[in-house]
Amino acid sequence: MESLIGLINKIQRACTVLGDHGGEGMSLWEALPSVAVVGGQSSGKSSVLESVVGRDFLPRGSGIVTRRPLVLQLHKIERGTDYAEFLHVPRKKFTDFAAVRKEIQDETDRITGKSKQISNIPIQLSIYSPNVVDLTLIDLPGLTKVAVEGQPETIVEDIENMVRSYVEKPNCIILAISPANQDIATSDAIKLARDVDPTGERTFGVLTKLDLMDKGTNAQDVLEGRSYRLQHPWVGIVNRSQAEINKNTDMISARRKEREYFETSPDYGHLASKMGSEYLAKLLSKHLESVIRQRIPSIIALINKNIDELNAELDRIGRPIAVDSGAQLYTILEMCRAFERVFKEHLDGGRPGGDRIYGVFDHQLPAALKKLPFDRHLSTKNVQKVVSEADGYQPHLIAPEQGYRRLIDGSIGFFRGPAEASVDAVHFVLKELVRKSIAETEELKRFPTLSADIAAAATEALEKFREEGRKTVLRLVDMESSYLTVEFFRKLHAESDRNMDRNSEKNPEKNAPPPGPNMDRYADYHFRKIGSNVSAYIGMVCDTLKNSIPKAVVYCQVLTAKRSLLNHFYAHVGRQEKERLGAMLDEDPQLMERRTMIAKRLELYKSARDEIDAVAWK
Ligand SMILES: Nc1nc2c(ncn2[C@@H]2O[C@H](COP(=O)(O)OP(=O)(O)OP(=O)(O)O)[C@@H](O)[C@H]2O)c(=O)[nH]1
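Residues numbered from 1 in each chain as written. Predicted model: local features only at pLDDT ≥ 70, side-chain atom pairs only at ≥ 80, totals over all residues. Heavy atoms only, no water.

Draft legend 1. Spotlight on the overall build of the protein. Within the protein one finds 22 helices and eight strands. Within the span of the protein, comprising 618 residues, buried residues form 47% of the whole. Counting only contacts in the protein whose residues sit at least 6 apart along the sequence, the fraction spanning at least 24 positions is 80%. Taken as a whole, the protein presents about 31900 Å² of accessible surface, with 52% of it coming from carbon and sulfur. (Helix = DSSP H or I, 4+ residues; strand = E, 2+ residues; numbered from the N terminus. Buried < 20%, exposed > 50% of the residue type's maximum accessible area, 1.4 Å probe, protein only. Contact = heavy atoms within 4.5 Å. Areas by Shrake-Rupley, 256 points an atom, 1.4 Å probe, with all protein chains shown as cover.)

Draft legend 2. Representation of the sheet that holds strand β8 (residues 235-236) within the structure. Strand order in this open sheet of eight strands is β3-β4-β2-β5-β1-β6-β7-β8, and the pairing throughout is mixed. The outermost strands of the open sheet, each flanked by one partner alone, are β3 (83-86) and β8. The pairing of strand β6 (residues 172-179) with strand β7 (residues 203-208) spans six bridges and is parallel. When the sheet's bridge partners are listed, isoleucine 174 is paired in β7 with threonine 203. (Pairing = 2+ DSSP bridges.)

Draft legend 3. Looking closely at the site of the ligand. Taken together, 19 residues surround the ligand, and among them Ser46, Ser47, Asp211, Asn239 and Gln242 come closest. Within the contact set of the ligand, an oxygen atom lies 2.5 Å away from a side-chain nitrogen or oxygen of serine 47. Summarising the interface, the protein chains cover 89% of the accessible area of the ligand, which totals 640 Å² for the free molecule. In this structure the site holding the ligand corresponds to the second largest pocket. For the shell around the ligand, the elements supplying multiple residues, two or more each, are α3 (45-53) and α8 (242-246). Take the shell around the ligand: its biggest share by element is three residues, from α3. For the shell around the ligand, the class distribution of residues is four nonpolar, ten polar and five charged. (Near = heavy atom within 4 Å. Polar contact = N/O pair within 3.5 Å; in protein donor to acceptor, adjacent residues only side chain to side chain. 1 Å grid on protein atoms, 1.4 Å probe; cavity = no way out; pocket = protein on both sides within 12 Å on 5 of 7 lines; lining within 4 Å. Sits in = over half its atoms within 2 Å of the grid points. Nonpolar A, V, L, I, M, F, W, Y, C, P; charged D, E, K, R; others polar.)

Draft legend 4. Fine view of the pattern of salt bridges. Enumeration according to the criterion identifies 38 salt bridges in this entry. Arginine 351 is the partner of glutamate 345 in a salt bridge, and the nearest nitrogen-oxygen pair spans 2.7 Å. Here arginine 351 falls in the partly exposed class, since its relative accessible area comes to 26%. Note that aspartate 424 and arginine 466 form a salt bridge whose closest N and O atoms lie 3.0 Å from each other. Taken together, the residues span a long stretch of sequence, with aspartate 424 in helix α16 (residues 416-440) and arginine 466 in helix α17 (residues 448-482) at a distance of 42 residues. The exposure class of aspartate 424 is partly exposed, given its relative accessible area of 26%. Arginine 466 gets classed as buried once you look at its relative accessible area, which sits at 18%. Through salt bridges with shared partners, a single network forms among Glu50, Asp56, Arg60, Arg101 and Arg240. (Salt bridge = Lys/Arg side-chain N within 4 Å of Asp/Glu carboxyl O.)

Draft legend 5. Structural detail: the confidence of the model for the protein. For the protein, mean pLDDT is 87; residues scoring 70 or higher make up 94% of the total. In the model output, the complex is listed with pTM 0.61 alongside ipTM 0.97. (pLDDT = per-residue confidence, 0-100.)

Draft legend 6. Representation of the packing of aromatic side chains in the model. The tally for this structure, following the rule as stated, stands at eleven aromatic pairs. Summarising the aromatic geometry, the rings of phenylalanine 86 and phenylalanine 94 are spaced 5.2 Å apart at their centres and angled 85 degrees between planes, so their arrangement reads as edge-to-face. Per residue, the accessibility class of phenylalanine 86 equals that of phenylalanine 94, and both read buried. Here the aromatic rings of phenylalanine 374 and phenylalanine 414 are separated by 5.9 Å at their centres, their planes lie at 85 degrees, and the arrangement is edge-to-face. With a gap of 40 residues between them, phenylalanine 374 in helix α13 (residues 374-377) and phenylalanine 414 in the loop between α15 (401-413) and α16 connect regions that are remote in the sequence. Since its relative accessible area comes to 15%, phenylalanine 374 is described here as buried. Sitting above the plane of the tyrosine 83 ring, lysine 93 keeps its charged end 4.5 Å from the centroid. Directly above the ring of tyrosine 166 sits lysine 169, whose terminal nitrogen or CZ lies 5.3 Å from the centroid. (Phe/Tyr/Trp six-rings, centres within 6.5 Å; stacked < 30°, edge-to-face > 60°. Lys NZ or Arg CZ within 6 Å of the ring centre and 35° of its normal.)

Draft legend 7. Up close: the side chain of histidine 232. With respect to the helices and strands, histidine 232 occurs in the loop between α7 (220-223) and β8. Apart from the residues lying within four places of it in its own chain, the contact partners of histidine 232 are Gly200, Glu201, Arg202, Thr203, Phe204 and His287.

Draft legend 8. Layout of the pairing of strand β4 (residues 123-129). Of all the seven residues making up β4, seven are buried; the element is thus mostly covered by neighbouring parts of the structure. Bridge analysis of strand β2 (residues 70-76) against β4 gives seven bridges, and the strand direction is parallel. Opposite valine 71, over in β4, you have glutamine 124 as the bridge partner. Sheet analysis places β3 next to β4, joined by four bridges and oriented antiparallel.

Draft legend 9. Quick peek at the side chain of arginine 68. Within the fold, arginine 68 resides in the loop between α3 and β2. A polar contact is formed between the side chain of arginine 68 and the backbone oxygen of isoleucine 121, at a distance of 2.7 Å. Of the polar contacts made by the side chain of arginine 68, one reaches the backbone oxygen of proline 122; its length is 3.3 Å. Here arginine 68 is in contact with Glu107, Thr108, Ile111, Thr112, Ser119, Ile121, Pro122, Ile123 and Asp139, once residues within four sequence places are set aside.

Draft legend 10. Region of the structure containing the layout of surface pockets. Its volume calculated, the second largest pocket comes out at about 640 Å³. Elements that contribute at least two residues to the lining of the second largest pocket include exactly α3 and α8. A total of three residues in the lining of the second largest pocket trace back to one element, the largest contributor, which is α3. Taken together, the residues of the lining of the second largest pocket sort by class into five nonpolar, 15 polar and five charged. (Points joined across faces, edges and corners; volume = space filled by probe spheres on them.)

As structure tokens, this is what we get:
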């Protein structure tokens, strides 16, 4: 059966893989109980850790050697030789602990550079050995008072901040290391521990270098809790001296020597069973296990909360798409339909924009028609010119039939411009609505490629509809030229006769040809009359076109867009191979990364929950 500590170790490793080492709200990492080792420089921190492990494996040297947190997970194995594994070097077993030391150094430099800066990204090291207890310790940089050569001025403060960020978490057990040959009141570790844990309930005091105390003095006051009271008993330690390290005294004999020291010490003999690094390791392991047991309900609650939040986020950014082509096709068609729904809402008034089409018919088209240069075209002078040219060598006898036709044809030609302009204006409105609809289709947001494909297909379809619209409105204009409404002229003629009769009764002189004897005035009157007749006819044509152009445009462009904007695209998608469908569903890489991350986290949390369930209640 896995131990509780082993379980937490596992979750801790998974957190590191996911880049969760605290700092972003309530992370799982922060909820996991851990033991952080703090102490001033040269207080004996490394020695305690190595002694607990029973191996030399920590970098040594002058200055600040520990510059990144080292998460040290100890796993007890029943038999076999010791080995170590780094999380950042997967599947490599280190049996040579000198190589472990070198790897810690190299990995530290990899993040901090040779600049001797510090970093809060932890290095994760697991050691498997029959000589350890299950325990996780976090080695932190030693608290220092002065920056040494080559280190930034801020290093003193940076280290304190980093250490503080670990020990101030309520789930952190503080292993405060102080050397016995220094006044406990001035111990950096105790000062910091007092600050973040004033009641001393999560601080374990460790006193090193008992063997180095001045002759005639002892540390009973500290070890028996009189100098500085903590909730847990103090543990005294005797590590290897520098001379012993230099002589390569091995750890097992160092442990034995330490045991002998306490057993034979006149000062600490009565405390011997509760002193030494082996005892410390067991004490911590037991305590850590009990803390974990207490915390399990809150860890499970946090895991559940995280799972809920991640699921909600997954729903928001969209679940992963299935890989078979049927499902891909289905997804693409769903997206298209979602887009079409939004587009139709724009046209039908559920969303803004469709009204701009009516604006084209109600405002733009009439304004353009009004601006057409009929005054110039039907001026007396131009009428005379056109009519005379149409007559040729033989001037017309009664009415200039050819002249009329030419004048009417010429005038109707002017309608082509506004007719085409209406088609274009509506085309641009529709194109803009496509763009807007793409942007507003929530479901499409995650698929930039598909969005672009749909936009391109819709625009291509609109282009075809525009061509159809253009042909149709021009045809309407041409139809007006091809057959004139003869009735209009007959009526006009009859009316003019009636007017003449009425006038001659009232005023017989008016019955005569227009006043003045000369022919010029007669001709002027005659051409003006032709001009005004044509103008009246064109006015009628204009009214007709003002109504029929919008009908043609709506029929060819708007209704077709509403009904069959993506028809061609559907046919095209249906013929695509699986690879092409997959490519269409390409997502924003950032989003995909985020989803993968969420999926990984979800997996972590779910498996953590299952494992806790399996272990915790046994
Ligand atoms: N005699 C004796 N020497 C000790 C004891 N503990 C540590 N030392 C020596 O004190 C020196 C510093 O010990 P380290 O374990 O390197 O201390 P540290 O706190 O890790 O030091 P930094 O990593 O430099 O901050 C070494 O030379 C150790 O041999 C002890 O209990 N007795």
